[in-house]
Each structure stands twice: as C-alpha cells, then as structure tokens.
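Chain and residue survey
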Amino acid sequence: MTLKAVLTVQPTTPFAGQRPGTSGLRKKVTVFAQSGYLENFVQALFDVLPAVQASPQGQTLVLGGDGRFHNRVAVQTILRMAAANGVARVLVGQDGLLSTPAASAVIRKRGALGGIILSASHNPGGPDGDFGIKYNIANGGPAPEKVTEAIFARTQTLSTYKIMSGTPDVDLSRLGESWLGEMVVQVIDPVDDHAELMQQLFDFDAMRAWFQAGHRMRYDAMGAVGGPYARRVLEGLLGAPVGTVVNGEPLEDFGGHHPDPNPVHAAELMAAMSGAAAPDFGAASDGDADRNMILGRDFAVTPSDSLAILAANATLVPGYRAGLAGVARSMPTSQAVDVVAKALGVAAFETPTGWKFFGNLLDAGQATLCGEESYGTSSNHVREKDGLWAVLFWLNLQAVTGKSVEDLVRAHWARFGRHVYSRHDWEGVAVAKADQLMAALRAKLPSLAGQTLAPGLTVRLADDFAYTDPIDGSVSTGQGVRLLFESGARLVFRLSGTGTEGATLRVYLERFEPDPARHDVPVQDALADLITLADVLADIRHLTGLPGPTVVT
Ligand code: VG1
Ligand code: CO
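Our subject in this report is the structure included herewith. (Residues numbered from 1 in each chain as written. Chains lettered and ligands numbered in written order. Predicted model: local features only at pLDDT ≥ 70, side-chain atom pairs only at ≥ 80, totals over all residues. Heavy atoms only, no water.)

Here we look at the overall build of the protein
In terms of regular secondary structure, the protein is built from 18 helices and 27 strands. For the protein, whose C-alpha radius of gyration is 23 Å, the value lies close to the compact-globule estimate of 24 Å for 553 residues. C-alpha extents for the protein along the principal axes are approximately 75 × 60 × 40 Å. Residues counted as buried form 58% of the 553 residues belonging to the protein. By element, 52% of the accessible surface of the protein is carried by carbon and sulfur atoms, the whole surface being about 20,100 Å². (Helix = DSSP H or I, 4+ residues; strand = E, 2+ residues; numbered from the N terminus. Rg over C-alpha atoms; globule rule 2.2 N^0.38 Å. Buried < 20%, exposed > 50% of the residue type's maximum accessible area, 1.4 Å probe, protein only. Areas by Shrake-Rupley, 256 points an atom, 1.4 Å probe, with all protein chains shown as cover.)

Concerning the packing of aromatic side chains
Each aromatic ring pair is summarised here by two numbers: the centre-to-centre distance and the angle between the ring planes. Tallied over the full model, the rule gives 12 aromatic pairs. Note on Y320 and W389: the rings are 6.2 Å apart at their centroids and 90° apart in plane angle, and the pair reads as edge-to-face. Note that Y320 is positioned in the loop between α10 (303–312) and β15 (326–330) and W389 in helix α13 (residues 387–401), a separation of 69 residues in sequence. Looking at W389, the relative accessible area reads 0%, which means it is buried. Aromatic rings pair up to connect F15, F32, Y37 and F131 into one cluster. (Phe/Tyr/Trp six-rings, centres within 6.5 Å; stacked < 30°, edge-to-face > 60°.)

Describing the pairing of strand β26 (residues 503–513)
Among the 11 residues of β26, 10 are classified as buried, and the element is accordingly described as predominantly covered. In this sheet, β26 lies alongside strand β19 (residues 418–429) in antiparallel orientation, the contact comprising 10 bridges. Bridge pairing in β26 links V429 to A503. Sheet topology places strand β25 (residues 490–495) next to β26; 6 bridges connect them, and they run antiparallel. Looking across to β26, one finds that V492 is bridged to Y508. (Pairing = 2+ DSSP bridges.)

What to know about the coordination of the cobalt ion (ligand 2)
Bound to the cobalt ion (ligand 2) are the protein donor atoms S121 (OG), D286 (OD), D288 (OD) and D290 (OD), situated 1.9 to 2.1 Å from the metal. Each donor residue of the cobalt ion (ligand 2) belongs to the same chain, with the gaps between them written as S-x164-D-x1-D-x1-D. Exposure remark for D286: the relative accessible area of 0% places this residue in the buried category. (Donors = N, O, S within 2.8 Å, 3.2 Å for Na, K, Ca; no water.)

This is the structure we're talking about:
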C-alpha cells in the first residue's frame, strides 16, 4: 500500500530574532527544536524566492548538512516543505550529509536553483549545542545580504507554512530516487562531485608519489563531516595509509570535540604533530569542512600566511597554471596576500567578514583565490571556502617542490617579509557590554587619526570599515573598527556574527616584520605593544570583566 502525501497549510506565529548572521541562522538546538521554528524560516525562504531569485516551483534544490544533532529531523522537515511548496526535485546527500564546499559544488554542477545547508560550522554540536541553516544561491555561494534580509523580514510577518504529511520519512540511506508527493527526492553520494572537482585541479600523480616515497600525513576531521571526503581522496585516490584520516566518522556530537580547527581546539593534532617522529604534514577541517588548518612538524601556518603562500605558488598547481586574475581577503585578514598580489601585478580586494562577499568577485572573474584569517581559503572552483581543497593545495606544493611546510613558509617570509598576526577572542561577554565597548570605540574614531598612541604606533587611518561591492554597488557598513598605523601595523575590532551565547569580541593584531633575523620572535611577544594598546583603547578587561582573551590563535 502506498500512502498519499497530503498538503497541509499549518498556522504559525513569527519568532523574534531569525536574522541570519555572518553565515546563516545559528541558534541552540533547543531553539531550533521548537515547533514551527525551522518551518517558519524555511517557509520565509520559499516565500521570498520569487522576488529575490526565482519561484521554487518546478526547480531543483540541493539539501544536506554537517550531520550534527537535529540534522536528520531537519532534513525530513525541509523535504516535506519543499514538496509542499512545489519544488520539482531535491538532491539530498546520503544520510542527509553534505559538506559546505560539496554542497556548493553540487549546486553548480547540477544547475540547481540553490541549496539549503544545515550547519553551525565550527560551533559545538549535540543536544545542548548549536544548529544552523543557510541558503546558497545558484552560483553555489551563500545568499547575499539582500536575500538574507528579505528572508528575515518575511519571518516577521508570515502566518502559515506549507508541509506534506501522511507519509513516512524518506529513506536517505540508499542512493536513488523516490517520490514525495509530486517531488522527486534524489539521494546522491555526498562525496562524488567534490572528489571529481579535486582531481581536475590538483596533480594526483605527484601527490601519490609523495605518499609512495614514505611521507606521512595526519588529517583530523574532528568527528565532523570532513571525514568521508578526506578518506576518499587521501586514503582512496592518493593511496595514503589507512589511518591517515583520524576522527573520520561524522558524529552527531562530533565525539565531544569542538570542531574548530585552530591550535586551541585541535590540541590533539597539535600534540601529534610535535617531535621528530611526527608526520610530515598535519591538517584539520571544521564541522562543515569548509575551514582548514595547516601544520608542518612542530610548525603551524597562520591562515593569512597560507592564503599568501598559495597565491605566490599558484602556478605550480595544475588548476592555476595560467595564473591568478586577482585575490581577495576579508578585512581582518592580514595584508600578506596584498604584497603577493602586488608582486604578481594582480588586483587585491578587501571585503567584509563572511564568504558571501567574495561571490560577486568570483562570478565576475576578478578574483581567483580568496581567504579569511579564520582558517578559510578557497578559489573560483566553488563559491564557499573549502577545507580539503586547501589541504590538497599544500600537499600538491610539497609534492612538486620537495619542500616541507616549514620550508615553504620560511622561504615566503624571506622573500616577502612576515606579517606577524594573531587574533584574540573574548567570548561569553554580556551583549550590552560588548555593544558599549564597540560604541565607545566608534565614538573615539574621529579623534585618532594622526595620533601617536604608543612608540612607533602613529595612526594613519581610523574608521569603521564599509564596503561597496565593485560588481553590484551594494554597500555594507559597520563591518569593524580598524586602526591602520604608519608602520603598516593594524588593529581591528569587531563582534562575532556566528555565536549563539552572549557576544564574542574579536581583536585582530598585525605587524609587518621585514627582517628575517626577527621572524622567530614569538608572535605574542612581537605583538605585545599592540595587545596592550588594544586593551587600553577599548577598555577590554574592565568592560568584559575577563582577565584575558579566552582563545588566542
Ligand atoms: C566567523 C569568522 C568568519 C567566517 C565565519 C563563518 O565569523 O570570523 O571569517 O566567515 O565565522 O565560518 P564571525 O562573525 O563569528 O567572526 V564557518 O566555517 O563558521 O561557516
Ligand atoms: Co565552517
């Protein structure tokens, strides 16, 4: 007997606070699990699509997530709602899984109208953890602000949502097609399209030979969705020994890990990469596998440096043999890549934080590589940051140059100078205090230009970063307070837009060091005067009530 799906129009009332942040709507699982919460957001999306993009009726959408707690339930709800809203076909990753870069690749390759990605990325998971949802448009990239703002506005007015009922959950464990009402649900292998794309970009023969020569690597997937992707490529296609990928099984609570690949949360990998017996190459990805951490033996690569080094060496990799059209970085990311762009004679763009701001530059062919200081790097092959892509880029460079990670970084510093860089996060700050701190800083800005705030730190420019998109002219203001000093040093303050509890103040510190003799000065020492200045200027300790930053990367 086949059960017939029944279209139900369900009354609902708006929830406050459904405005997407830096990367989608992120809240506690307990918030998302409330009856109607996810449904309202998804219906708002379907309601605004005709105005901001195209009607979802008769279209194909992509759906998947990082596998965190609530992913399975949410996928079934969204499938029922897609069917009720007239979507013709949904491509859903097996078991509801798709990494963020893979979702981007699938949207592009299959010509979908867009995709819904279920992830709170680097935020912790589990029943007490975070959940998230975001919409990506037809280019495979995060929806721009005009779309997310329209969705938010609609969440404040809607009074019903549409959903199919009367049928059991769709079986997502097997590949293939089934019907949900008039809609086709096509369960796809979550890895295939992405793995194929990687083979088009990188020198797989050279990387295979690198492993065959006995080099060793450790890839920590942090119990998140990156495991299957890394295993297929590294242990499968490249012949790396089984066990190269650790924590490779996607788990609903990430095995208790905080899936944020930085030296603090990837402490296990840091330890494994220390000492003479450590592997040659270490890497990690985050909850949705769009971030990357790159390590050599006893050596960590700063993400801003990583972007600059990939740009400087891009022509050594098949996919970028013809050179770069341009590069782009988020404002808080160090200026290391700007120096490379200058040497290459290509444009360097500076955008607000968040991958959505790179989409237009990539679509217009003005930028080839993009990156953020927050362990995010990618290129025009997708419209998201891509963890495994960055790892393979570094592997490809090691394989064709015969140099270690540390050698590659040191050679780069010797040629271009070092942009000494650190980010200090002050987490769990009361929202009112954080707002007060930023408001006080903004009020000070007009008085700062030209002032010498500490020895060697004369302000050249102090502003609240605003960005005009060079392609569509859209303007984004209030993107972070920045102080640029005559020496090239920078100090940037902004509040996180991805957290779910209190506020997080991010302080970004940067100083240029041309002298190779000083490239080994410990980073926090080299930045000590900027660290002190930041505290004095923004009264951080006093206003946050914290004795020091909670995370230093
Ligand atoms: C953080 C990072 C930002 C990144 C964003 C999403 O945002 O700073 O660079 O794009 O996370 O990354 P915020 O607003 O908290 O500083 V992911 O991997 O969480 O999607
Ligand atoms: Co992420």
